[in-house]
Every structure is written in C-alpha cells, then in structure tokens.
Amino acid sequence: MRSTRKKSQKKKKAPLGLGRKIILVICMIVFVGSAGVLLDYYINGAKEQNALEGLNGLKVGGEEIVTDKGTIVAEYSELYKLNPDIIGWVKIKGTKIDYPVMHTPDDPEYYIHRGFDKQESRAGTLFMDGLSDVSTPTFNFMIYGHHMKNGTMFKDLMKYESKDFYKKHKYIKFDTIYKGGQGKYEVIAAAYSQIYPKDAKDFKYYQYPGTTSESDFNAFIRGVKSEAIYDTGVTAEYGDQLITLSTCAYHVDDGRFYVVAKRVDAKQVKPQ
C-alpha cells in the first residue's frame, strides 16, 4: 500500500546574478572604506587631543619673558618658547575645552588646520581673530574653534544651548600670556547665527572683533542680546572686556553658534 503523504521538497535558492554580486561587492567595499575613514578620523583626533593635553604639563612655570608687547608670565613662558604664536589659554570646567589659543594677525586662519606644532591637523587649534588685540586691547577677544564630531575643540561649546548647563557653568577662564591678562569671564549670552551675505541687514556678530568705540560696543551687546537663546540676566557696559567663542553649527547653511562673556575680576578699562 502506497503512502498518501507527499514528500516535502526544499526549494533551491536561485544563485545570485552577476549584477547583484557586483553590487554586493561594491557595497562591502564602500562599507569597509567608510569604516576605515571613520576609524582614522577618531584615531587621529585622539592623537591630536592627547598632544594638546600634553601642553598642559608645560604650564609649570619658567621665568618671565619681557617682550615689546608686554611681560609674558612664568606659567606660559615655556609654551611661548615652543611657539611664540600662542596668545592665551581658554578653559571651561565640565567640558573638554582646555586649550591654547593662537594668534597670527597677518594670516588669521593659519591654525584652522594646523596643530600647536604647526603640522597639519584636522582639528586645528583655537585661534583669535586677526583684528582682536590683547595688547591694545580691543574690547572683544573673538576666538574660533572647530566643532569636531569626536567631542574635541569647540564641540562642547554647544552645551550652552541648554540653560541648565549655563546655570552650572556661568564662568569661562581665559588667560592671555601677558601679565595682568589672566581672567575670569561671566557668560552674557549664547546664540545661534550664520554667515550672512554682505548686503544682509541681519546682525553679524563676527564683524565686531577689533572695534574699540563705545557705539560699536553697545551695538554688539544689543545684537547679542537680541539673538540670545535665553536670558542670563547679565549684560555688559562699555569698558568691560569681552570674550566671544565661536564655532560652526548645522541648523542652517554656514551656521554658527557663539558664546559671549565679560571679564569680572578686573576694573573696567576703556580701549584706547
């Protein structure tokens, strides 16, 4: 007697066509290549960060150095000997921001993709606008830094989007390398902006790095306050020394994010 049950038959998978195989290989190559680029980005970023952190060990103090621009304090004398382009150091507690600041007025963006050692670097080094001057001084020390995905440079500046973060981090430490330039700055405002067309009437915070007049100072403060994400309850008046930290933001094309603070541990000195 024959069984009435049908034997189950497994369907054989159709072999991949040549075209599909080529596409699969291409996808694998792209994936491996992308992973390699990303890994290289983070490895090099870590190396650059470690190199900058190593500079902290040189802030042990040597001897003061007298220059035509002023007396360089002992804390920064060894760093100055390594690279006389250094103009200061900025630090914000609770963030990775703890870096030297460079200044090359004749070539303002020299350090945009160079490390402290002047070698090529994706992250670059923080640098002060060519029109800012710590010797005169101008009323606004404007400092730029990259918004690095690995969290270095000015990436943590974006934390000031949050008012809660601001409340716990109201102060920024910024030192110039010169005697009397070591200061504590209180945050006035944090704001989004962008690089506007030249004929746009929008407030352009980046146009105020080197001005010294009272009218320009007041215009800058009004503009900053109008763009502020939240009200800090803190303002500034002519004679206060300001610092502006600026980085890229991605809310619009050519977007920027910036934080403005005023020095609170020194007497007012009106720029000459």
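Quick note: structure is the one above.
All values derive from a computational prediction rather than experimental measurement.

1. Some thoughts on the nonpolar core
Now for step 1: Core analysis: the largest hydrophobic core is formed by 70 residues, its most contacted members being Ile143, Leu157, Tyr160, Ile172, Phe174, Phe220 and Leu245.
Now for step 2: Here the element with the most residues in this core is strand β8 (residues 182-194); it accounts for 6 residues.
Now for step 3: In contact with Leu245, other than residues within four places in its own chain, are Val90, Ile92, Ile143, Phe154, Leu157, Ile172, Phe257, Tyr258 and Val259.

2. Side note on helix α4 (residues 214-227)
Now for step 1: The end-to-end C-alpha separation of α4 is 20 Å, in line with the 20 Å expected for 14 residues at 1.5 Å each.
Now for step 2: Every buried residue of α4 is accounted for by Phe217, Ala219, Phe220, Ile221, Gly223, Val224 and Glu227.
Now for step 3: Turning to α4, the residues buried within the fold contact β6 (140-144), β8, β9 (242-249) and β10 (255-263).

3. Observations regarding the sheet that holds β8
Now for step 1: Sheet architecture is closed into a barrel: 8 strands sit in the order β3-β4-β5-β6-β9-β10-β8-β7, paired in mixed fashion. Shown here is a sheet whose adjacent strand axes are inclined to one another by a mean of 30°, direction ignored.
Now for step 2: Bridge count between β8 and β10: 9 bridges; the pairing is antiparallel. From the neighbouring strand, Ala191 faces β10, where its bridge partner is Tyr258.
Now for step 3: With respect to the sheet, helix α2 (residues 74-82) is in contact with β3 (86-91) and β7 (171-176), its orientation differing from that of β3 by roughly 125°.
Now for step 4: Its contacts with the sheet put α4 on β6, β8, β9 and β10, and the angle it makes with β8 is roughly 60°.

4. Here we look at the environment of Thr136
Now for step 1: With respect to the helices and strands, Thr136 occurs in the loop between β5 (126-128) and β6.
Now for step 2: Classification of Thr136 by relative accessible area gives partly exposed; the value is 39%.
Now for step 3: The spacing of Thr136 and Thr212 is 76 residues in sequence and 9.5 Å in space, taken between C-alpha atoms.
Now for step 4: Within polar-contact distance, the side chain of Thr136 engages the side chain of Asp133 at 3.0 Å.

Conventions adopted
- Residues numbered from 1 in each chain as written.
- Predicted model: local features only at pLDDT ≥ 70, side-chain atom pairs only at ≥ 80, totals over all residues.
- Heavy atoms only, no water.
- Core = buried A, V, L, I, M, F, W, Y, C linked by side-chain atoms within 4.5 Å.
- Buried < 20%, exposed > 50% of the residue type's maximum accessible area, 1.4 Å probe, protein only.
- Helix = DSSP H or I, 4+ residues; strand = E, 2+ residues; numbered from the N terminus.
- Contact = heavy atoms within 4.5 Å.
- Expected span 1.5 Å × (residues − 1).
- Pairing = 2+ DSSP bridges.
- Axes fitted to C-alpha atoms, helices over the stretch in contact; angles between N-to-C directions.
- Polar contact = N/O pair within 3.5 Å; in protein donor to acceptor, adjacent residues only side chain to side chain.

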